[in-house]
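# Structural overview for review
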Amino acid sequence: MASSTSDRFHPAMTIAELINLPTCVTLTTANRSLGLGRTAGYDLAKSGQYPVPLIRAGKAYRVSTIELAKVLGLTVPDRVDVPAKLRATAA
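Residues numbered from 1 in each chain as written. Predicted model: local features only at pLDDT ≥ 70, side-chain atom pairs only at ≥ 80, totals over all residues. Heavy atoms only, no water.

Attention shifts here to the packing of helix 3 (residues 27–34) against helix 4 (residues 38–46). The contact between helix 3 and helix 4 brings their axes to 9 Å, and the two run at 110°. As judged from the angle between their axes, helix 3 and helix 4 are roughly perpendicular. Between helix 3 and helix 4 lies a crossing of right-handed hand. Of helix 4, the residues touching helix 3 (which contributes Leu-27, Thr-28 and Asn-31) are Arg-38, Gly-41, Tyr-42 and Ala-45. (Axes fitted to C-alpha atoms, helices over the stretch in contact; angles between N-to-C directions. Helix = DSSP H or I, 4+ residues; strand = E, 2+ residues; numbered from the N terminus. Parallel < 35°, antiparallel > 145°, perpendicular 65-115°, else oblique. Left-handed = near helix turned anticlockwise from the far one by under 90°. Contact = heavy atoms within 4.5 Å.)

A few words now on the sheet that holds strand 2 (residues 54–57). Spatial strand order, 1-3-2: three strands in an open sheet with antiparallel pairing. The open sheet has two free edges, formed respectively by strand 1 (24–26) and strand 2, since each of these has just one partner strand. Recorded for the sheet is a direction-independent mean angle of 40° between the axes of neighbouring strands. Bridging between strand 2 and strand 3 (residues 60–64) involves four bridges; their strand directions are antiparallel. Looking at strand 3, one finds that Arg-56 is bridged to Tyr-61. Against the sheet, helix 3 touches strand 1, strand 2 and strand 3, its axis set at about 90° to strand 1. (Pairing = 2+ DSSP bridges.)

So, about the pattern of salt bridges. Throughout the structure, instances matching the rule amount to two salt bridges. Between Arg-32 and Glu-17 there is a salt bridge, with the nearest N and O atoms lying 3.1 Å from each other. Placement of the pair is Arg-32 in helix 3 and Glu-17 in helix 2 (residues 15–19), with a sequence separation of 15 residues. Classification of Arg-32 as partly exposed rests on a relative accessible area of 38%. (Salt bridge = Lys/Arg side-chain N within 4 Å of Asp/Glu carboxyl O. Buried < 20%, exposed > 50% of the residue type's maximum accessible area, 1.4 Å probe, protein only.)

Bringing helix 3 into the picture now. Inspection of helix 3 places Leu-27, Ala-30, Asn-31 and Ser-33 among the buried residues, and these make up the whole buried set. The buried side chains of helix 3 occupy one side of the element, clustering within an arc of 165° when seen end-on. Packed against the buried residues of helix 3 are helix 2, strand 1, helix 4, strand 2, strand 3 and helix 5 (65–71). One or two steps after helix 3, the chain reaches Gly-35, where phi turns positive at roughly 75°. (Arc of directions from axis to C-beta.)

Nothing here speaks to function; it is geometry throughout.
Below you can see the structure in the form of structure tokens.
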């Protein structure tokens, strides 16, 4: 399994980009946040060695953004208090 240098090393996301990710992301997005190339990321996923727990959605992989943040060493709050004003509009 030889990967080219250009496949293994890609610019990772900034913290601002990570914070703005949806709850669940594609493997491609997770690869980018971890600085993995497409082939390397999919090889790790298929071999069960991906650094973040994967969610299987049919033939596709999904990754929890919270799990991704934990692996990247970002602090994830146990609870987020939503202001009452926002809770009322979400209901």
